[in-house]
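Listed below are the residues making up each chain.
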Amino acid sequence: MIDIFLIIILLICLITDIKNRMIYNKVIYPALLITFIYHFTTGGWEGLSHSFIGFLIGFGLLLIPYFMGGMGAGDVKLLALIGAIKGSAFVFQSFIYIAIIGALMAIAIILFRRGMLKSMIYFLSSLKNGVVLKGGISRGSLTATYPYGVAIVGGAFLLLFIQGVSFL
């Protein structure tokens, strides 16, 4: 049941992050409250403490990138919610997949932004022929932003798939 709840929240956040580039508090905060109540009723104080530890780990993993301006607060809160729902081990393992997916997304955005790939091909072919052309990665390509919630959702879904999520 908790996996279905997580999947619903992830899908909502994925859609809003792609469509509006926002992960809304009106989704995160009620889900967090429901999560804490669920873990308290099913596991007592121990269940609530495990959920809270997962929340803190998820929150802490993206806190430094947030302070450095690398991502939004919604991304941090979403990973914290994932930690609260599934626990500390799940959030930490999914973070590895999230980082890989996020890096692949960043590379793809840099390469396919405004002829960047074409420019790099020209630059490499000029080096092969002994001619040095001005080229490389433009500063604008490195400042491109993208919805990191997509990577967060992708990493969580990937780990759910690897673990064999149960719907019954």
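Nothing here was measured: the structure is a model prediction, and the numbers come from that model.

Now for helix α8 (residues 149-163). Between its terminal C-alpha atoms α8 stretches 21 Å, which fits the 21 Å expected from 15 residues at 1.5 Å a residue. Listed in full, the buried residues belonging to α8 are Gly149, Ala151, Ile152, Val153, Gly155, Ala156, Leu159 and Leu160. Just downstream of α8 lies Gly164, where phi reads positive at about 75 degrees.

Before going further, it helps to spend a moment on a nonpolar patch on the surface. On the surface, a cluster of nonpolar side chains totalling about 640 Å² of accessible area is made up of Ile53, Ile57, Phe92, Ile96, Ile100, Leu104 and Ile107. For the nonpolar patch, the secondary structure elements donating two or more residues are α2 (25-61) and α5 (88-112). Per-element tally for the nonpolar patch: the top contributor is α5, with five residues. Tracing the backbone through its elements, the reader meets Ile53 in helix α2. Residue classification places Ile53 among the partly exposed residues on the basis of a relative accessible area of 43%.

Core analysis: the biggest nonpolar cluster contains 35 residues, and Leu78, Leu79, Ile82 and Ile152 have the highest contact counts within it. At the level of elements, α1 (2-20), α2, α4 (73-86), α5 and α8 are the ones that each hand at least two residues to this core. Tallying contributions element by element places α4 first for this core, with eight residues.

Take the packing of aromatic side chains next. The full count for this structure, using the stated rule, is six aromatic pairs. Residues Phe40 and Trp45 carry aromatic rings whose centres are separated by 4.8 Å and whose planes lie at 70 degrees to one another, so their mutual orientation is edge-to-face. With a relative accessible area of 35%, Phe40 lands in the partly exposed category. Residues Phe55 and Phe59 carry aromatic rings whose centres are separated by 6.1 Å and whose planes lie at 15 degrees to one another, so their mutual orientation is stacked. Taken together, the positions of Phe55 and Phe59, both in helix α2 and four residues apart, correspond to about one turn of that helix. In this structure Phe59 comes out as partly exposed when scored by relative accessible area, which is 32%. Among the aromatic side chains, those forming a connected cluster through ring pairs are Phe36, Phe52, Phe55 and Phe59. When the ring centre of Tyr24 is taken as origin, the NZ or CZ atom of Lys26, which lies over that ring, is 5.4 Å away. When the ring centre of Phe90 is taken as reference, the NZ or CZ atom of Lys86 above it lies at 5.3 Å.

Quick look at the pattern of salt bridges now. If you walk through the whole model with that rule in mind, you get one salt bridge. Among the salt bridges present, the one from Lys86 reaches Asp3, with a minimum N-O distance of 2.6 Å. Taken as a pair, Lys86 in helix α4 and Asp3 in helix α1 lie far apart in primary sequence, 83 residues in all.

The subject of this paragraph is the confidence of the model for the protein chain. Detailed reading of the predicted model is not advised wherever pLDDT is low. Here the protein chain shows a mean pLDDT of 86. Residues at 70 or above account for 86%. Mean pLDDT per element in the protein chain: helix α7 (residues 139-142) is the minimum at 54, and α2 is the maximum at 95.

Assignment of secondary structure puts Asp75 in helix α4. We note that Asp75 is buried and unpaired, the nearest opposite charge coming from Arg21 at a distance of 8.4 Å. Within the structure, Asp75 has its side chain in polar contact with the backbone nitrogen of Gly149 (distance 3.4 Å). Every residue in contact with Asp75, bar those within four places of it in the chain, is listed here: Asp17, Ile23, Leu62, Tyr148, Gly149 and Ile152.

Cut-offs applied
Residues numbered from 1 in each chain as written. Predicted model: local features only at pLDDT ≥ 70, side-chain atom pairs only at ≥ 80, totals over all residues. Heavy atoms only, no water. Helix = DSSP H or I, 4+ residues; strand = E, 2+ residues; numbered from the N terminus. Expected span 1.5 Å × (residues − 1). Buried < 20%, exposed > 50% of the residue type's maximum accessible area, 1.4 Å probe, protein only. Patch = residues over 30% accessible without salt bridge, like charges linked within 9 Å, V, L, I, M, F, W, Y side chains within 5 Å. Areas by Shrake-Rupley, 256 points an atom, 1.4 Å probe, with all protein chains shown as cover. Salt bridge = Lys/Arg side-chain N within 4 Å of Asp/Glu carboxyl O. Core = buried A, V, L, I, M, F, W, Y, C linked by side-chain atoms within 4.5 Å. Phe/Tyr/Trp six-rings, centres within 6.5 Å; stacked < 30°, edge-to-face > 60°. Lys NZ or Arg CZ within 6 Å of the ring centre and 35° of its normal. pLDDT = per-residue confidence, 0-100. Lys, Arg positive; Asp, Glu negative; His and termini not counted. Polar contact = N/O pair within 3.5 Å; in protein donor to acceptor, adjacent residues only side chain to side chain. Contact = heavy atoms within 4.5 Å.

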